[in-house]
Structures are given as structure tokens and as C-alpha cells.
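Remarks on the overall topology
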Amino acid sequence: MVKVKSPEEIQKMVQEHPMELRRIFSITAHIDHGKSTACDYLMRRAGLLSDSYAGMARKTDTDDEEQERGITIFTSVALLNYTYGDKTYLLELNDTPGHISFTGEVSRALRGSDGAVLLVDALEGCMTQTITNIHLAVGNEWCKPVLFINKVDRLTKELKLKPDAIIQRFNEIIKEVNEQIEAVAPKQFKKAWQVTPQDGRVLFGSAKDGWAFTIPMLKEKGVANASFVMEKYQEALDKDSDEPIQWLRENFPLDDALLEVIINHLPSPEKAAPYRMKRLWGEERIEQALKLENFAAAGDDRVLQAAYGMVKVDKTAPLVGMITKIFIEPKSKRPTLIGRVFSGTLKEGDEIFLLNAKRTLRIRRLGVQELDSLLPVPVVPAGNLFALVLPEIQPAGETFVKIEDKDFPPFEKIRYVSDPVVSRSIKPANPQDLSKLGDVVRKWVLADPTATFRKDEDSGEFILSGIDPLQIEILTKRIAEELEIRVGLPITVYHEAPTALGFRIRTKCPEGLNRIELVVEPLEPEVIQLIRDGKIDDYTDEKVAAKLLRDHAGWDAKTGRNIWGVEGTSIFLNMSRGVQRLDRIKPYVLTAFRDFCAASILAREPAMGLKVSMYDATVHEDPAHTKAGQIMLMTWSALNISFLSSNPCLYEPVLRIDVKTPEDTMGSVIGYLTQHRGRVTGTEVKGGNAFISGELPASEASKGIADELRGATSGRAIFGYQFAKFQILPKSLEYETLMTIRKRKIEEGRDMTEEPPTITSFKGRIYPEWQSTMPQIREHLKPLAGKAYIPELFAKLTGGE
């Protein structure tokens, strides 16, 4: 547990400190570029770390797993107060992970931040996660950036560069960072947010050695240029002496440089709110609030009052906040919810209404997070991060208000850059612990929504899916700390999708008293992107959804108002008219749709990109004949039949791979990539190293390519993966892969046949009768002859009865 220096001062500052003297920001970087080491110096400056440990303690890595692996896994939050000049500042800091496995932590930290320190290794430059972080911070969350070029010592020690060449390297990195910023920044900030050394928005230094400088700092101390500093470092190497490095520490201490850049160039909550709130809570209502002369001008309009409270960071306005992170205490496993108050004031004992969960809960404990501890604060006003404890855990990304404001719109969903591409089965060692395991898994998945889980009813196992094997390894280890479990091997997650319009089918329940008519077809890419961006979901107002779908996908206004449900990247539309008692079966229809999306028909893999349109239904007047089992079986059968007739296929996850390897091993690395169905998208040689970018199927990444690359380069290759996309599996591999997956799942105890079902498998559910409908289905399938992605399956669909 961290011992906070002057906790009373922090508590007072949270409640009373002027907004212009606050900064809320995240430090982001590619793995091993030195974030946590740099954070040590801010900890030391705040009195949380002794001088002798700064740069070595990795104080913000509070978890034992982080210390053991030497990487940041969970975002650490700390509130620190500093005197700079003649003023005292309150800094609310997020130290985020650099590994792709934990990118979700970065996304959530940035939602609560106004600025971002982009940290880049001087030798390695912009790596995969650097670019991702720029897109997340600047593009997704509208956080103003500054740049810290770290590990400058490597240019001298490892590359033996002279000062002029080092300056050139600085310029190359700055240029690349600015290109990325310009590509994704809001239109009004594409130029203004580019980082320039001359105005002090770029630091250069070595966190390990504890020094850094900006160009204004050099001028202030009478140093002619950056070359002088680099010559000092060269002098240390030539003399094999620490004296020049000590000189750098004394004259250009890292914490001074960091604080100068953070305070002078990252915005206060008040400065950031007018533009960030447009992104997070809707441009139209925020624009309206910006035109108000004062709070009273909002009248009785509570939404407008809240919008005004957001742009002015007003603690007297209606309460609106967001949970951005769940911190699970490593020893007790108790969850603390961390987030930000954007408007109004949060008080201990308050009841808050959760907009997505649609329920009210009372706050048990309230305060601010200091690394691994909750520092109690009875009142947390707007413009602060908070930490609280509720009776029940709630997901990261949840918006909360007071009960009287339960009709407020929620904040935009936090967007993640990766989809689950790998899964492992888990089950309790003791079958009686199955319910407890479900609770434990749910807690950890709520803490990291980039992971998903579901219970497989056939095998009784939970299927835990994530963005790569390391994430799943960490999660299963955490779960195993709470109860004994059995964990299966990592498995690549494929997706099933339609590629053409399916047959518009009518099915009936077993008794024939209820019927449904629907069709499955591919969902437009523009709509999938709206779903991924969090703009369309189950909670989107129908008028808002209709406008978005009209503007972005060309849908007519009526269709856009007919969304019944969204699951993953699939959508269910009610296109029926005048059907009586439809509300009675709606929950069962949607449950069948969601179950189908979780485990489709080809290989029980998740479905993606479905557009399901229900055109008609018959609902029996007696509730005894419209129960879940009857309606769900009827709907499930219709979904299967229409999907099987839509020329379905398997999509495989593809990873972006970035490799840094000695120049003389470049050919071997490229050779191994192509052998594994990889595709090279770019190469660059600099400083004796080759930098190779490419794409690699996730299934191939798990087949030992890592060992092959290490062997080919004598262990000198450094590489990392990042989810890139899903793409259709090559036709030659579709059926083979489908059968392999089905056989594996049968061995795992799933209730399924080795051969995939055909349309005739559901003939008993077809209405009015399968004999008259099958010829129509065959006619529907004729244009697909020769175009089928899975010819072996297609032949069985069109043959037989």
C-alpha cells in the first residue's frame, strides 16, 4: 500500500483547487520505451519515492505480476501535487501499459484524460503501439499530445552516432509523430497539435539516467544547442565516467522537464472541456451550451444544464460521470471503480443511476486512487478522477447520473482497437464451483471489456476470449488465484459471416401455433463501422440511429427506426407491420439472435456482420403457447436456414506484425513470414537494423513462427503483434478448417455432429411445409453455383431431399 505524502493536502485540493492549476493526463508508449521509469521521477518529486530508487522502482507497477514480468499490465492512477514557479499544481496521472495485450487499459485511461505524453524510444522510433496510442489519444479521445523522446543514450551507446546524426534522428521521429497526429487529429487541431521542439512541446532525454531537456530549457540555461548535451554524454562514454551524466541530472533533471511540458502544454480540464465534450457527449447539445451566457440561461432543461456543467466544469450543475477503469485489489480481489466526474459533484453515500444498466446503487466508499490505495474524499467535484466502491461491480464505460436525470444520453462508448482473436476454455476443478467461477470470470471481464466470455451449455465450460494469448494468460492466472480451475489450450477464434442475400424463410414452433419470417444478409461495412465506433447500439435513440444510418449507409429513415437489437457487429431489424402481441415474443427472438451471434451454425464460431430482417410473425393469443423454448427454437431455425443459404464463409483474424531485426537477417525474416501465409507491407533499413511491417494470420502466429524468427536471427529479432482485421479464409482452407474446429469441439464435449448441419436438418421447422419450400431454396441458390466459398457444404445444401 502506497504511503501518500500530505494526504490532507491532496483531499483539500481535490475539492477546492482552481481548475487552471490542474492537469489530467496519461503517459503512453510502446512496450519497454520507458514510461514507468519516467513516472518514477514524478513519484520522487511528489515525495512518494526516495532519490536512490527513482528510475529503478517502477513505482506505478504496483502488481506483483508487473514487477515479475517487467511490463505494465494495468493502468496505475496517482494524484500528485507539485510546486512549479510560485504556484502549486494538482496532477492526476495515468501510467498506461505498452503491450498490445492491454491496449484496452490505454483506451479507458484516455477517456478520463485531457492530454497525453507520447513517449518514444530514440533508437526504435515509432513502433506499432506508438502509432496505436496516437490514434487512440488524438483521434478517438481528442487528448492534446506532447512528445518525450526517451533513451537518447542508446543512440550514443549502441549506434555510436555523432551529435549531428542524433539531431537528425530526433527530427525523423518528430516528423513521423506529426504525420500520425495530422492524420487523425480533429480538423481544427491538425496543425495546432503537432509537436514542435522550439516551443517546448518535445522533451529529449534518458529516464534511466534521470535527465531530460527541452529547447526552451537550453536557452534559459545559456546552452547553445542540443548537440552540447549529446557531447556531454559522449564524454561520459569516452572517460568511462558517471560525472558528465551526474552533471546532466543536476542541470537538466527529468522531473523538471516533464513538469514544464505537462504544465505549460497540456490543457486544464476547463480548457479541454469545450472541444472534448463535443466528441464525448454530442456536438449539437454542447454547441448549444457554449452559447449560454450563464447557468441560469439553461432554464429548466436538465440536459442543457448538464451540457453547460461539462463545458464549464461546474460542480453545481447536474451530476454526470463515467466509470473508466476497474481496479481489482491484488490481495483482497475487491473491485474499486475509477472514473471521472465531468459535471456536478459526487458525494459519499449518494445514490447514482447507471444509464446502461438502468439501475440505482448507493456509493459505499468515495475518494481518489493513489496507485494501489483509495484515499478517502467525501466530496469529488467535476474536473477530477474519482475512486468509489458500490455494492455490485459495474462495467468500465458506464455513465452515471442522479435518478431524476435517468433519461440523459450516455457518453459515447469507449472504442477499442482490437477484437477477440484467441480463446481458452476454463472450468472449475470442483464442479460445484461452476456458479462461483461465473461470478469471478464476469468480474475480470467487466474490468477488461476487450475480453469476452460465455458459457458453453453443452460442455459446461466457460469460453474466455481475448486479443492475444498473453491477455488470456494473465486473466486465467487472476481467476485461478480465486479458485482452482482447469484451462484449455489457446485456440484461434474464427468468425462466420454471410456473403450474399439469404433465402427469406418462414418457420414455425414445434406445435405450429407461432411463426416467423426473416432473412439474413451481409450488413453494410458502413453500419459495421458505426457499431464499432459505438454510435449504434441497443441504447441508441431511434431518431439518432435513423439519421446516422441514412447519412452513412443510405438507409431510408423508416428502416433506421426499426432496430430491435445489436450484438457484436450484427443487427436485428423488425420490418413487420401490424403484428399483434409482438412484444410478448421480442425478448425470446432477441435471445435466439444473440445466441446465434455467439455461436453460429458452421462451426459454432461467433457470427459477424449479420443483417437480420424480420418481415412477419404470427403470435398465438394464449401465453401458454408463446414460451421461450417455442419461440427461440422457431427463430433459431429460421436464422440457420437463411444463413446457410447466404453463401456463408469463415473469416480468420489477421495480425499486423512489426519486426526489428539486424539488417543481415532481413531476408530470412521475410522468408519465414511468407511461408506462414504472411504478407510484407513495408520495409525500412536504418541504423544497421531492418524494420519490417506485415500481416500474418493469427492461426499462423501460434504455429511456432516466434521460435523460427528467433532462431533465424540468433535471438536478435524484436517483434510485436496487433490485431489488424478479419479476412475471408482462403477457399482451399475453408472446409478443412471448419471440420478441424468441429472435431475439436466434439472432443471437448460439445453436443454437435462432425458434419455441419444442412438446410434439411431444419425441415421440420419450415412453414408451411419443407417439400414445397426446398425447391424455392434450390432456385435461390442457383446463382451461387461455382461461387460458393465452401463448395463441399454448398453441394450438400443443394442436393438430397
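On a predicted model such as this, the values are computed, not experimentally measured, just so you know. (Residues numbered from 1 in each chain as written. Predicted model: local features only at pLDDT ≥ 70, side-chain atom pairs only at ≥ 80, totals over all residues. Heavy atoms only, no water.)

Thoughts on the overall build of the chain
Counting its regular elements, the chain contains 27 helices and 32 strands. Relative to the globule expectation of 28 Å for 801 residues, the C-alpha radius of gyration of the chain, 28 Å, shows essentially globular dimensions. Reported as C-alpha extents along the three principal axes, the dimensions of the chain are approximately 90 × 70 × 55 Å. Counting across all 801 residues of the chain, residues that qualify as buried make up 58%. When contacts within the chain are restricted to residue pairs at least 6 apart in sequence, those whose partners lie at least 24 apart make up 72%. Of the roughly 31,900 Å² that the chain leaves accessible, carbon and sulfur atoms contribute 48%. The averaged location of the 114 negative side-chain charges in the chain is 3 Å from the averaged location of its 106 positive side-chain charges. (Helix = DSSP H or I, 4+ residues; strand = E, 2+ residues; numbered from the N terminus. Rg over C-alpha atoms; globule rule 2.2 N^0.38 Å. Buried < 20%, exposed > 50% of the residue type's maximum accessible area, 1.4 Å probe, protein only. Contact = heavy atoms within 4.5 Å. Areas by Shrake-Rupley, 256 points an atom, 1.4 Å probe, with all protein chains shown as cover. Lys, Arg positive; Asp, Glu negative; His and termini not counted. Charge placed at Lys NZ, Arg CZ, Asp CG, Glu CD.)

Re the packing of aromatic side chains
Per the stated rule, a full pass over the model turns up 21 aromatic pairs. Aromatic pair Phe213 and Phe252: ring centres 6.2 Å apart, planes at 65 degrees, arrangement edge-to-face. Of this pair, Phe213 sits in strand β7 (residues 211–213) while Phe252 is found in the loop between α10 (243–251) and α11 (254–265), placing the two residues 39 residues apart along the sequence. Since its relative accessible area comes to 0%, Phe252 is described here as buried. Ring plane angle 55 degrees and centroid distance 4.9 Å describe the contact between Phe342 and Phe411, whose orientation is recorded as tilted. With a gap of 69 residues between them, Phe342 in strand β9 (residues 335–343) and Phe411 in the loop between β17 (399–401) and β18 (422–428) connect regions that are remote in the sequence. For Phe411, a relative accessible area of 5% translates into the label buried. Within the aromatic cluster, the residues linked to one another by ring pairs are Phe170, Phe204, Trp211, Phe213, Phe228, Trp247 and Phe252. Across from the ring centre of Phe252, 5.8 Å away, lies the NZ or CZ of Lys221, which sits over that ring. Stacked on the ring of Tyr615, the Lys or Arg Arg504 has its end atom at 3.8 Å from the ring centre. (Phe/Tyr/Trp six-rings, centres within 6.5 Å; stacked < 30°, edge-to-face > 60°. Lys NZ or Arg CZ within 6 Å of the ring centre and 35° of its normal.)

Side note on the side chain of Asn178
Locating Asn178 in the fold gives a position in helix α7 (residues 163–184). Residue classification places Asn178 among the buried residues on the basis of a relative accessible area of 9%. The residues touching Asn178, leaving out its near neighbours within four places in the chain, are Gln194 and Val195.

Observations concerning the packing of helix α9 (residues 226–239) against α10
Taken N-terminus to C-terminus, the directions of α9 and α10 make an angle of 145 degrees; their axes are 7 Å apart at the nearest point. Of the residues in α10, those in contact with Phe228, Val229, Lys232, Tyr233, Glu235 and Ala236 of α9 are Pro244, Ile245, Trp247 and Leu248. Tallied by class, the residues present in the contact of α9 with α10 amount to 8 nonpolar, no polar and 2 charged. (Axes fitted to C-alpha atoms, helices over the stretch in contact; angles between N-to-C directions. Nonpolar A, V, L, I, M, F, W, Y, C, P; charged D, E, K, R; others polar.)

Thoughts on the side chain of Asn689
Following the sequence through the fold, Asn689 ends up in strand β31 (residues 689–697). Note on Asn689: relative accessible area 15%, which makes it buried. Those residues within four positions of Asn689 in sequence are excluded, and the remaining contacts are Leu123, Lys660, Thr661, Pro662, Glu663 and Glu684.

Re the pattern of salt bridges
Pairing is possible between side chains of opposite charge, provided their charged atoms come close. One pass over the full model with this rule turns up 50 salt bridges. When the shortest N-O distance is used, the salt bridge between Glu287 and Lys278 registers 2.9 Å. Notably, a salt bridge pairs Arg594 with Glu567, separated by 2.8 Å at the nearest N-O pair. With Arg594 in helix α20 (residues 582–598) and Glu567 in strand β26 (residues 563–567), this residue pair connects regions lying 27 residues apart in the sequence. Exposure remark for Glu567: the relative accessible area of 28% places this residue in the partly exposed category. Because the salt bridges share partners, they merge into one network encompassing Arg111, Asp114, Glu141, Arg276 and Arg340. (Salt bridge = Lys/Arg side-chain N within 4 Å of Asp/Glu carboxyl O.)

Overview of the packing of helix α15 (residues 434–447) against helix α16 (residues 469–480)
Contact geometry for α15 and α16: axes closest at 10 Å, N-to-C directions at 135 degrees. The angle between the axes of α15 and α16 places the two elements in the oblique class. Crossing angle aside, the handedness with which α15 passes α16 is right-handed. In this structure, α15 contributes Leu437, Val440, Val441 and Trp444 to the contact, and α16 contributes Leu475, Arg478 and Ile479. (Parallel < 35°, antiparallel > 145°, perpendicular 65-115°, else oblique. Left-handed = near helix turned anticlockwise from the far one by under 90°.)

With respect to the pairing of β9
With 8 of 9 residues buried, β9 lies mostly within the body of the structure. Strand direction decides the pairing type here: strand β8 (residues 320–328) and β9, joined by 8 bridges, are antiparallel. If you follow Val320 over to β9, its bridge partner there is Ser343. Taking the residues that link successive antiparallel strands as the turn, the β8-β9 hairpin has 6 residues, and the phi of Lys333 there is positive, at about 65 degrees. Looking at chain direction, β9 and strand β16 (residues 384–389) are connected through 5 bridges and run antiparallel. (Pairing = 2+ DSSP bridges.)

Quick look at α11
Compared with the 16 Å implied by 1.5 Å per residue over 12 residues, the 16 Å span of α11 between its first and last C-alpha is a close match. The element α11 is extensively covered by neighbouring structure, given that 10 of its 12 residues are classed as buried. Of the residues making up α11, those classed as buried are Leu254, Asp255, Ala257, Leu258, Leu259, Glu260, Val261, Ile262, Ile263 and His265. (Expected span 1.5 Å × (residues − 1).)

Side note on the state of the cysteines
Inspection of every chain in the model, using the stated rule, returns 0 disulfides. Cysteine Cys126 remains unbridged, with the sulfur of Cys143 as its closest cysteine sulfur at 18 Å. (Disulfide = S-S within 2.5 Å.)

Things to note about the sheet that holds strand β24 (residues 505–508)
With respect to topology, 5 strands assemble into an open sheet ordered β24-β25-β28-β27-β26, the strand pairing being mixed. Strand pairing shows two members of the sheet lacking a second neighbour, β24 and β26, which therefore form its edges. Averaged over all neighbouring strand pairs, the angle between strand axes comes to 25 degrees, with direction disregarded.

Describing the sheet that holds β9
Strand order in the open sheet formed by 8 strands is β12-β11-β17-β8-β9-β16-β13-β14, with antiparallel pairing between adjacent strands. Each end of this open sheet is capped by a strand with a single partner; those strands are β12 (359–362) and β14 (373–376). Sheet twist, expressed as the mean angle between neighbouring strand axes with direction ignored, is 45 degrees. For strand β11 (residues 351–354) and β17, the ladder comprises 2 bridges, and the chain directions are antiparallel.

Regarding helix α21 (residues 628–644)
For α21, spanning 17 residues, the distance from its first C-alpha to its last is 24 Å, which sits close to the expected 24 Å at 1.5 Å a residue. α21 sits mainly inside the fold: 12 of its 17 residues count as buried. Among all positions in α21, only Gln630, Ile631, Met634, Thr635, Ser637, Ala638, Leu639, Asn640, Ile641, Ser642, Phe643 and Leu644 are buried.

Points about the environment of Ser241
Residue position: Ser241 is located in the loop between α9 and α10. Through-space distance from the C-alpha of Ser241 to that of Glu769 is 90 Å; in sequence the pair is 528 residues apart.

Here's the deal with the environment of Gly560
Looking at the secondary structure, you find Gly560 in helix α19 (residues 557–560). Each C-alpha atom, one on Gly560 and one on Leu573, is 8.5 Å from the other, the two residues being 13 residues apart in sequence. Each residue touching Gly560, except ones within four places of it in the same chain, is listed here: Glu542, Ala545, Ala546, Leu549 and Trp555.

So, unusual backbone geometry
With an omega of 0 degrees, the peptide bond between Tyr767 and Pro768 qualifies as cis. With respect to the secondary-structure elements, Pro768 resides in the loop between α25 (731–747) and α26 (770–781). Even without being glycine, Lys333 reaches a positive phi, approximately 65 degrees. In this model, Arg604 sits at a positive phi of 60 degrees, which is unusual for a non-glycine residue. By the element assignment, Arg604 lies in the loop between α20 and β28 (610–618). Under the relative-accessibility criterion, Arg604 is labelled partly exposed at 23%.

Distances and angles like these do not, on their own, reveal function.
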